[in-house]
Amino acid sequence: MRGLILALLVLGFLQSGYVNGGEFAGDYSKLSGIIIPGFASTQLRAWSILDCPYSPLDFNPLDLVWLDTTKLLSAVNCWLKCILLEPYNQTDHPECKSRPDSGLSAITELDPGYITGPLSSVWKEWVKWCIEFGIEANAIIAVPYDWRLSPSKLEERDLYFHKLKLTFETAHKLRGGPSLVFAHSLGNLVFRYFLEWLKLEIAPKEYMNWLDKHIHAYFAVGSPFLGATETVKATLSGCTFGLPISEGTARLMVNSFGSSVWMLPFSPHCKADHKYWKHFSERSGEAPHAYDCDEEEFKGNYSGWPTNLINIEIPSVRGVEAYPSVMDLVETNASMECALPTQLSFSAREISDGTFFKAIQDYDPDSKRLLHMLQKSYHGDPVVNPLTPWDRPPLKNVFCIYGIDLKTEVGYYFAPSGKPYPDNWIITDIIYEIEGSLYSRSGNLVEGNPGAASGDETVSYHSLSWCKNWLGPKVNITRTPQAEHDGTDVQMDLNVVHQHGTDIIPNMTRSPRVKYITYYEDSESIPGRRTAVWELDKANHRNIVRSPVLMRELWLEMWHDIHPDAKSTFVTKAKRGPLRDDDCYWDYGKARCAWPDYCEYRYAFGDVHLGQSCRVKNSSADLLLQYL
């Protein structure tokens, strides 16, 4: 490990001049890393004094709210007062308010503790990697935000996007170079909104100059580019996030957040007119429309998704509510037995444009609140309608990274449960995508339009892989094992023709016992710009930011970019050897440390087994040159 750190530190002070990956001329030590966390990945702290009756635990200023499982278990009603928002105007409870914490500690562990810490760890491993690679403390900057708020409310209440702009400018002034943006999940949608907001904040002639000066590369990790189907489940039946609360309580919580609508699935074929442009449009006298859809939306089925996202049964007798009281259940029991329910199906477009919520608003009280949030904070957003497909960001280097081939939910069947609100809906069936096929919860094959792969267990493949549309007409594809390898199982296909709007399916083989990473790379379609997509087999949505494989590839790519002798546009994939002591292990078959070119046996006091004494060679710095 010492050899690698030394190599990186030495290279960190080499002047790199022009680099293949872009126009950044400077040195490695001038780069900063800015982390934008995902949904529910930032600590929230109380900014009130709240006395909790029947509980020994109260809330005082700066006490953890998200996440403190001890108070959640002992004083759940108090905890809900601090976490819930008023759904119509996104204000705090009169008795308790919460605000996001700041700094790296706000995103590393949500609930620090001997037991709860590892279970709630998010970016902790990422920060440890930065320390191991000799990154300075002021070079890694976290930009936490209140993930409960809609994008416009983030700016209105917290001036978040003004502060984010200042963060980029401060990092550049402090270190003298541009930043690398690492965004995960919802954090990517936050970053997209920031780029659109910046267009209105900076003079048009200065916009591209500002981006080139302050942002060297953008790493979009696990981004729900077209939304996430699980959001629908959370709004109708609740999603507990593994917390010890009921689904009904979770539903109350999520539906009070303005951000819950931010991740609703939407059609890739529909766009929205800019709010300011309509004043100059010939149709300015007409009633405004949420979306303008192309003919592909109506030619195909399911709005570009694998299947209809919602299939819901509603009572056929008007006036019979899906959230009855106990007396209503007794009075309407006979009529419900005689009347057959009506089943309705809704596509992604019909969810994002509000058609679904309008259809069930007579049967569900939350639908009116969600429809209000949808129209006010998203369709009526003055910057951009976030529920629209986005083009490639105008940045020098864009890397889109996500996991594939895990069982992922893509559709639901709902029916009235007969219980009072908020437990008034029950899921009767779930449609999953599994490695290119659709199955019901019972295991039956379902017809639809499945993709070439499945998603990352949270976001579907259709949404994750939208960024493949950012690639140009010719793409280089490489598939390698995720683990360290000697290059014998590397497959390459150069100049693959890519038609915009269609998926790229590699004509490559797979071994069933090997996890692969597939790279799609394009550096020619936009002069001076690079675009890459990385697909990691079996990488879970949340855990991907803790993946050693991802961290290894990120460091090698950045090391390659800043090296003055880099010959290729992207880092070579021909071989992958150990980079850290943790990557070395004992080969019992050969009675030596594996990877002898990289690792050596070097005992240190406290080692308890042979593998622990296998460490990276001090002379391994020269071996990094093979990645140029």
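First, a word on scope: everything that follows refers to the structure included in this document. Keep in mind it's a predicted model, so treat the numbers as computed, not measured.

Within the protein one finds 19 helices and 23 strands. Counting the 628 residues in the protein, one finds 55% classified as buried. Counting contacts in the protein only where the partners sit at least 6 residues apart, residues at least 24 apart contribute 70% of the total. With an accessible surface of roughly 26,900 Å², the protein has 54% of that area assigned to carbon and sulfur atoms.

Right, let's get into helix 12 (residues 247–255). When we look at burial in helix 12, the residues that qualify are G248, A250, R251, M253, V254 and N255. Elements in contact with the buried residues of helix 12: helix 3 (76–83), helix 11 (230–236), helix 17 (365–379) and strand 14 (425–434).

Reading across from one edge, 3-2-4 is the order of the three strands in this open sheet, with antiparallel pairing throughout. The outermost strands of the open sheet, each flanked by one partner alone, are strand 3 (64–66) and strand 4 (98–100). The sheet shows a mean angle of 40° between the axes of neighbouring strands, taken without regard to direction. As paired elements, strand 2 (residues 44–46) and strand 4 share three bridges and run antiparallel to each other. By the bridge assignment for strand 4, A46 is matched with S98. Sitting on the sheet, helix 3 touches strand 2, strand 3 and strand 4, and the angle it makes with strand 3 is about 75°.

This brings us to a nonpolar patch on the surface. Side chains of Y588, Y601, Y603, F605 and L610 sit close together on the surface and give an oily, nonpolar patch of about 690 Å² of accessible area. Looking at the element boundaries, Y603 is found in the loop between strand 22 (599–601) and strand 23 (614–616).

The next thing to look at is the side chain of S377. Note that S377 resides in helix 17. Those residues in contact with S377, other than ones at most four positions away along the chain, are S150 and S152.

It is worth spelling out the state of the cysteines at this point. The final tally for this structure, using the stated rule, is six disulfides. For C52, the disulfide goes to C78, at an S-S distance of 2.3 Å. Between C52 and C78 the sulfur-sulfur dihedral comes to about -130°; the bridge is accordingly left-handed. Taken together, the positions of C52 in the loop between strand 2 and strand 3 and C78 in helix 3 put the pair 26 residues apart, joining distant regions of the chain. Here C52 and C78 have matching classes, each one buried. Linked covalently through their sulfurs, C584 and C599 form a disulfide whose S-S length is 2.0 Å. Measuring the twist about the S-S bond at about -75°, one finds the C584-C599 disulfide to be left-handed. Note that C584 is positioned in the loop between helix 19 (548–562) and strand 20 (586–587) and C599 in strand 22, a separation of 15 residues in sequence. C599 matches C584 in its accessibility class, with the two residues each being buried. Cysteine pairing for the protein, with bonded cysteines counted in sequence order: 1-2, 3-4, 5-6, 7-8, 9-11, 10-12.

Following the sequence through the fold, D92 ends up in the loop between helix 3 and strand 4. Look past the residues within four positions of D92 in its chain and what remains in contact with it is L85, K97, S98, R99, R148 and R157.

For the rest of this paragraph, the subject is unusual backbone geometry. Peptide bonds are mostly trans, and most non-glycine residues show a negative phi. Omega for the peptide link from W66 to L67 comes to 15°, which places this bond in the cis form. Here L67 lies in the loop between strand 3 and helix 2 (69–74). In this chain, Y421 is followed by P422 through a cis amide linkage whose omega measures 15°. Tracing the sequence through the fold places P422 in the loop between strand 13 (408–416) and strand 14. The backbone phi angle of Q90 is positive, close to 60°, even though this residue is not glycine. Given the relative accessible area of 5%, Q90 is considered buried. Although it is not a glycine, K538 adopts a positive phi angle of roughly 60°. Along the chain, K538 falls in the loop between strand 19 (530–537) and helix 19.

About the thresholds
- Residues numbered from 1 in each chain as written.
- Predicted model: local features only at pLDDT ≥ 70, side-chain atom pairs only at ≥ 80, totals over all residues.
- Heavy atoms only, no water.
- Helix = DSSP H or I, 4+ residues; strand = E, 2+ residues; numbered from the N terminus.
- Buried < 20%, exposed > 50% of the residue type's maximum accessible area, 1.4 Å probe, protein only.
- Contact = heavy atoms within 4.5 Å.
- Areas by Shrake-Rupley, 256 points an atom, 1.4 Å probe, with all protein chains shown as cover.
- Pairing = 2+ DSSP bridges.
- Axes fitted to C-alpha atoms, helices over the stretch in contact; angles between N-to-C directions.
- Patch = residues over 30% accessible without salt bridge, like charges linked within 9 Å, V, L, I, M, F, W, Y side chains within 5 Å.
- Salt bridge = Lys/Arg side-chain N within 4 Å of Asp/Glu carboxyl O.
- Disulfide = S-S within 2.5 Å.

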